[in-house]
Amino acid sequence: MKVIKVKNYEELSRTAATIIAGTILSKPDCILGLATGSSPVGTYDQLAAMYEEGILDFSHVKSVNLDEYVGLDGSNDQSYRYFMNKNLFEKVDIRMEATHVPSGAVKSDEEAEQYDAEIKAAGGIDLQLLGIGNNGHIGFNEPLTPFTSMTHIVKLTDSTREANKRFFASIDDVPTHAVTMGIHTVMQAKSIILMAFGEGKAEIIKKTVDGRPEIAVPASLLQLHDDVELYLDEAAASKLS
Ligand code: F6R
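Residues numbered from 1 in each chain as written. Predicted model: local features only at pLDDT ≥ 70, side-chain atom pairs only at ≥ 80, totals over all residues. Heavy atoms only, no water.

For the chain, the count of helices and strands is 8 helices and 10 strands. The 241 residues of the chain split such that 51% are buried. Relative to all contacts within the chain whose residues are 6 or more apart in sequence, the contacts with residues 24 or more apart total 79%. Carbon together with sulfur atoms contributes 51% to the accessible area of the chain, which is approximately 10,600 Å² in total. (Helix = DSSP H or I, 4+ residues; strand = E, 2+ residues; numbered from the N terminus. Buried < 20%, exposed > 50% of the residue type's maximum accessible area, 1.4 Å probe, protein only. Contact = heavy atoms within 4.5 Å. Areas by Shrake-Rupley, 256 points an atom, 1.4 Å probe, with all protein chains shown as cover.)

See below:
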């Protein structure tokens, strides 16, 4: 696990966008694993700017997102499909049919696992972008999710619903369940970058990097992957030894 410290959110976004751009340039038909939330918004802005400048071509790129709220469809402005369309897909020339977000209409884990089969059939994820939850979740793999988990339905913890209520009118509107790539799905990616900014992430980043890998801190399991880079701003890195 390689830790790269940057100054602030802007530099974090520029650096992550540069890595993603490098992947697209070296493999124009790459499969990108993408995340939602506040961490990658600046990265997506930078990628859209590179597209506008003619540096990047997304026309052969495929994407697979980490997760979606159960019960929300893509027309709901709180859904992750909607987020991706607005923050990236509609700003670049990626083909919409080449973009994949788990379906919020999923009814069972067996159905959810089809997502892994599709990723595998497409050749696997070349580069997976991750954020990290305050409790160490990656995707919506909450603490104690089995290491072998594939894409599955999860009950969101109170702390995750609380953290995400900022995007909803009230806590009651935050869905109780989500569908997420599993830890196994994430670990199958050829390379992974995790980004975190702000003081609020400092404690969990310390556990992720300095602690032993354990399912109680899902992000710490990334230590077991051989190509993971963590991009942290000064505040998120402030508790590292
Ligand atoms: C989003 C996702 C989540 C977020 C995490 C951090 O697709 O999978 O794991 O990355 O909750 O969210 P932010 O970036 O809003 O702090």
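Where helix 1 (residues 9–26) contacts helix 2 (residues 41–52), the two axes come as close as 8 Å, and the packing angle between them is 55°. With respect to helix 2, the axis of helix 1 lies oblique. By crossing handedness, the relation of helix 1 to helix 2 is classed as right-handed. Contacts between helix 1 and helix 2 pair Tyr-9, Ser-13, Arg-14, Ala-16, Ala-17, Thr-18, Ile-20 and Ala-21 from the former with Val-41, Gly-42, Thr-43, Gln-46, Leu-47 and Met-50 from the latter. Split by residue class, the contact of helix 1 with helix 2 holds 8 nonpolar, 5 polar and 1 charged. (Axes fitted to C-alpha atoms, helices over the stretch in contact; angles between N-to-C directions. Parallel < 35°, antiparallel > 145°, perpendicular 65-115°, else oblique. Left-handed = near helix turned anticlockwise from the far one by under 90°. Nonpolar A, V, L, I, M, F, W, Y, C, P; charged D, E, K, R; others polar.)

Enumeration over the complete set of coordinates arrives at 6 aromatic pairs. Between the aromatic rings of Tyr-9 and Phe-197, the centroid separation amounts to 4.5 Å while the plane-to-plane angle is 55°, which identifies the pairing as tilted. Placement of the pair is Tyr-9 in helix 1 and Phe-197 in the loop between strand 9 (191–196) and helix 8 (202–210), with a sequence separation of 188 residues. Overall, the relative accessible area of 27% leaves Phe-197 in the partly exposed class. (Phe/Tyr/Trp six-rings, centres within 6.5 Å; stacked < 30°, edge-to-face > 60°.)

So, about the environment of Leu-240. Considering the arrangement of structural elements, one finds Leu-240 in the segment after strand 10 (228–233). In this structure, the C-alpha to C-alpha distance between Leu-240 and Ala-202, residues 38 residues apart in sequence, is 7.8 Å.

Moving on: the site of the ligand. Around the ligand, a shell composed of 14 residues is seen, among which Ser-39, Asp-67, His-137, Gly-139 and Lys-201 lie nearest. In the model, an oxygen atom of the ligand is placed 2.5 Å from a nitrogen or oxygen of the Ser-39 side chain. A distance of 2.6 Å is found between an oxygen atom of the ligand and a side-chain nitrogen or oxygen belonging to Asp-67. For the ligand, the accessible surface in isolation is 410 Å², of which the surrounding protein chains cover 94%. Taken together, the residues of the shell around the ligand break down into 3 nonpolar, 8 polar and 3 charged. (Near = heavy atom within 4 Å. Polar contact = N/O pair within 3.5 Å; in protein donor to acceptor, adjacent residues only side chain to side chain.)

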